[in-house]
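Single-letter residue listing:
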Amino acid sequence: PLIRLLFPPTRWVNELLCAHAILFAGWLVGPSSQDPHQPNKLNVRKCRYLEATGCTGLCVNMCKLPTQEFFKSEMGIPLNMKPDFENFSCEMIFGEEPPPLHLDPAFKTPCLLNKINTSTLRNGSAVNEIPCKQLPLFSEKHF
């Protein structure tokens with residue numbers, strides 16, 4: 001695409017994309033800010049999408065993977081998204097390659113719905129620590 005010729009992947013482009021993501025993605029993900037110590041990192045305080053769905057699988061399959069793939073294939077910019085399933089925040093690091101799927105911590109996260117439903121059992125600790133069934137095991141060739 002033409003955008004790759006106009007904006008090759010540089011530190012400046014990564015920082016610019018991060019700044020623009022605050023303006024253009026806020027309606028979907030909620031309030032966010034650019035990290036002052038790492039200007040290519042966007043900190044989403046509490047992701048509206050993840051908070052509304054409460055689902056690990058939807059976060060990973062409908063947001064994280066497609067967004068990372070879009071930036072890599074269409075913009076030529078690697079993006080690593082790091083959702084925090086404990087507080088529903090997310091880090092988007094422009095210019096950073098995401099880990100291979102089999103090493104990505106998001107794929108090892110238990111089902112949030114089961115964790116919420118069983119959190120009152122056994123002194124508040126979740127009983128189900130099996131990765132979310134909505135997270136299929138992707139081959140490295142899938143994305």
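So, a few notes on the structure that sits alongside this text. Computed from a predicted model, the values in this text were never measured in an experiment.

1. As for the pattern of salt bridges
- Applying the stated criterion across every chain yields a total of 7 salt bridges.
- As a salt-bridge pair, Glu15 and Arg11 come within 2.9 Å of each other at their nearest N and O atoms. Note that Glu15 and Arg11 are positioned in helix H2 (residues 11–29) at a spacing of 4 residues, about one turn of the helix.
- Residue Arg11 is classed as exposed on the basis of its relative accessible area, which comes to 64%.
- Lys46 is the partner of Glu51 in a salt bridge, and the nearest nitrogen-oxygen pair spans 3.6 Å.
- Because the salt bridges share partners, they merge into one network encompassing Asp35, Lys41 and Glu91.

2. Quick notes on the nonpolar core
- One finds Met92 and Phe94 to be the most contacted residues of the largest nonpolar core, which totals 30 residues.
- Sorting the residues of this core by element identifies H2, strand E2 (41–44), helix H4 (56–75), strand E3 (79–84) and strand E4 (89–94) as the ones contributing at least two each.
- Counting residues per element, this core draws most heavily on H4, which supplies 6 residues.
- Not counting residues within four places of it along the chain, the set of residues in contact with Met92 comprises Asn40, Lys41, Leu42, Val44, Thr67, Leu79, Asn80 and Met81.

Quick notes on the rules
Residues numbered from 1 in each chain as written. Predicted model: local features only at pLDDT ≥ 70, side-chain atom pairs only at ≥ 80, totals over all residues. Heavy atoms only, no water. Salt bridge = Lys/Arg side-chain N within 4 Å of Asp/Glu carboxyl O. Helix = DSSP H or I, 4+ residues; strand = E, 2+ residues; numbered from the N terminus. Buried < 20%, exposed > 50% of the residue type's maximum accessible area, 1.4 Å probe, protein only. Core = buried A, V, L, I, M, F, W, Y, C linked by side-chain atoms within 4.5 Å. Contact = heavy atoms within 4.5 Å.

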